Amino acid sequence: MSSTEKVRSTKLKFKGEKTKKKRKRDVDDEGRPSGSKRKDDDKESDAWVLPDNPNEIRGPTFLIHPSDPSPVTINFNSTTNRVVLHVLDKDRSEDDQEIPLLERTPTDVSQVWVTTRVAGSPTVNLRSGTGEGKFLSCDAHGLVSSDRDARGPQEEWTPVVMPDGMVAFMNVYEKYLGVDEVAGGSMQLRGDSDEVGFRERFWVKIQHKYKKEAHDEEKKKQEGMAGPSKIDESSTNSIYQAWGAGRSVVSAEDKKELKRARKEGRLAEAMLDRRAKLKSDRFC
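This report concerns the structure included in the present document. (Residues numbered from 1 in each chain as written. Predicted model: local features only at pLDDT ≥ 70, side-chain atom pairs only at ≥ 80, totals over all residues. Heavy atoms only, no water.)

Here we come to the overall build of the chain. Looking only at helices and strands, the chain has five helices and 13 strands in total. Taken over 284 residues, the chain has a buried fraction of 32%. Taking the intrachain contacts of the chain between residues at least 6 apart in sequence as the baseline, contacts between residues at least 24 apart amount to 54%. Carbon and sulfur atoms make up 48% of the accessible area of the chain, which totals about 19500 Å². (Helix = DSSP H or I, 4+ residues; strand = E, 2+ residues; numbered from the N terminus. Buried < 20%, exposed > 50% of the residue type's maximum accessible area, 1.4 Å probe, protein only. Contact = heavy atoms within 4.5 Å. Areas by Shrake-Rupley, 256 points an atom, 1.4 Å probe, with all protein chains shown as cover.)

See the structure below:
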């Protein structure tokens, strides 16, 4: 390869990730895309975006701290099973154009953590995206490590989204994760801060498809709370009573009585009475 030939940069891909096919878009006479779609729908599913609330922090996660003079990322060293702080501009030459902080994306799998959570829980677990999948943990003394295969209380983090969009992570001891400068000018992660300051704030980037997934879940939840659930007498009868040949039989009586019973809190009792009337005398 000649010295003048540039190395082609490629997008970071993960094992098992499907290649998204490009689709043709209609354009107008001036070559501009026609139609008006929402901006979020136009984003690629694997595009890196900022979360708006803690529930959206899930899946592959990129953690950046805006340290001075150069920002750092929280990396996992699979050889030593240790968490390290990597200076983003360490390998950048003077000729390279500086990339704005919020436009940066991971260039190596060691920079990516996989965020998981138990459904309904405000806490998350951060597992390394490379190696054997170690969890980021913090003990009672504020020492941060990443050498555990199983999750426990010390591997739980509560993300707190600040008004400016940055995120702080609180551990089980109600202390915050932060970047601390030690002797020699080097930096390390600590988990013993009582308050959220500059050192405890991180820019967190997730993939767009997981943000959309969280939004869809919240939308379904709100729709479910908006009104009473539909009374499905046919499905309920098929669970408790069978007529053979896969038939589903419902009462011919007016369903207004069921709606009235639901308001009064005795829906199950009313449906039981209707099923009892459907039984044949031969089997009673």
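The next point concerns the nonpolar core. Grouped together as the largest cluster of nonpolar side chains are 23 residues, with contacts concentrated most on I74, W113, W157, F169, L177 and L189. Looking at this core, the elements that each hand over two or more residues are β3 (72-77), β4 (82-87), β7 (135-138), β10 (167-170), β11 (176-181) and β13 (203-207). Counting residues per element, this core draws most heavily on β3, at three residues. Residues in contact with L177, not counting those within four places in the same chain, are I74, V144, W157, F169, L189, R190, G191, R199, E200 and F202. Listed in part, the seven residues of the second largest apolar core include I64, L88, V112 and W203. (Core = buried A, V, L, I, M, F, W, Y, C linked by side-chain atoms within 4.5 Å.)

A surface patch of like charges, here positive, comprises K255, K256, K259 and K263. With respect to the element layout, K256 can be found in helix α4 (residues 256-264). Among the residues examined, K256 registers a relative accessible area of 57% and is labelled exposed. (Patch = residues over 30% accessible without salt bridge, like charges linked within 9 Å, V, L, I, M, F, W, Y side chains within 5 Å. Salt bridge = Lys/Arg side-chain N within 4 Å of Asp/Glu carboxyl O. Lys, Arg positive; Asp, Glu negative; His and termini not counted. Charge placed at Lys NZ, Arg CZ, Asp CG, Glu CD.)

What the rule picks out here adds up to eleven salt bridges. Where D164 meets R201, a salt bridge forms, and the shortest distance between an N and an O atom there is 3.1 Å. Taken together, the residues span a long stretch of sequence, with D164 in the loop between β9 (158-161) and β10 and R201 in the loop between β12 (187-193) and β13 at a distance of 37 residues. For D164, a relative accessible area of 40% translates into the label partly exposed. With its nearest N and O atoms 2.2 Å apart, the salt bridge here joins K175 to D194. Remark: D194 occurs in the loop between β12 and β13 and K175 occurs in the loop between β10 and β11; sequence separation between them is 19 residues. The exposure class assigned to D194 is exposed, which follows from its relative accessible area of 54%. Within the structure, one salt-bridge network assembled from shared partners comprises R58, E213 and E217.

Where α4 contacts helix α5 (residues 267-278), the two axes come as close as 7 Å, and the packing angle between them is 150°. Between α4 and α5, the angle is such that the two are roughly antiparallel. When α4 is examined against α5, the residues L258, A261 and R262 are found in contact with a partner set consisting of L267, A270, M271 and R274. Looking at the contact of α4 with α5 residue by residue, the classes come out as five nonpolar, no polar and two charged. (Axes fitted to C-alpha atoms, helices over the stretch in contact; angles between N-to-C directions. Parallel < 35°, antiparallel > 145°, perpendicular 65-115°, else oblique. Nonpolar A, V, L, I, M, F, W, Y, C, P; charged D, E, K, R; others polar.)

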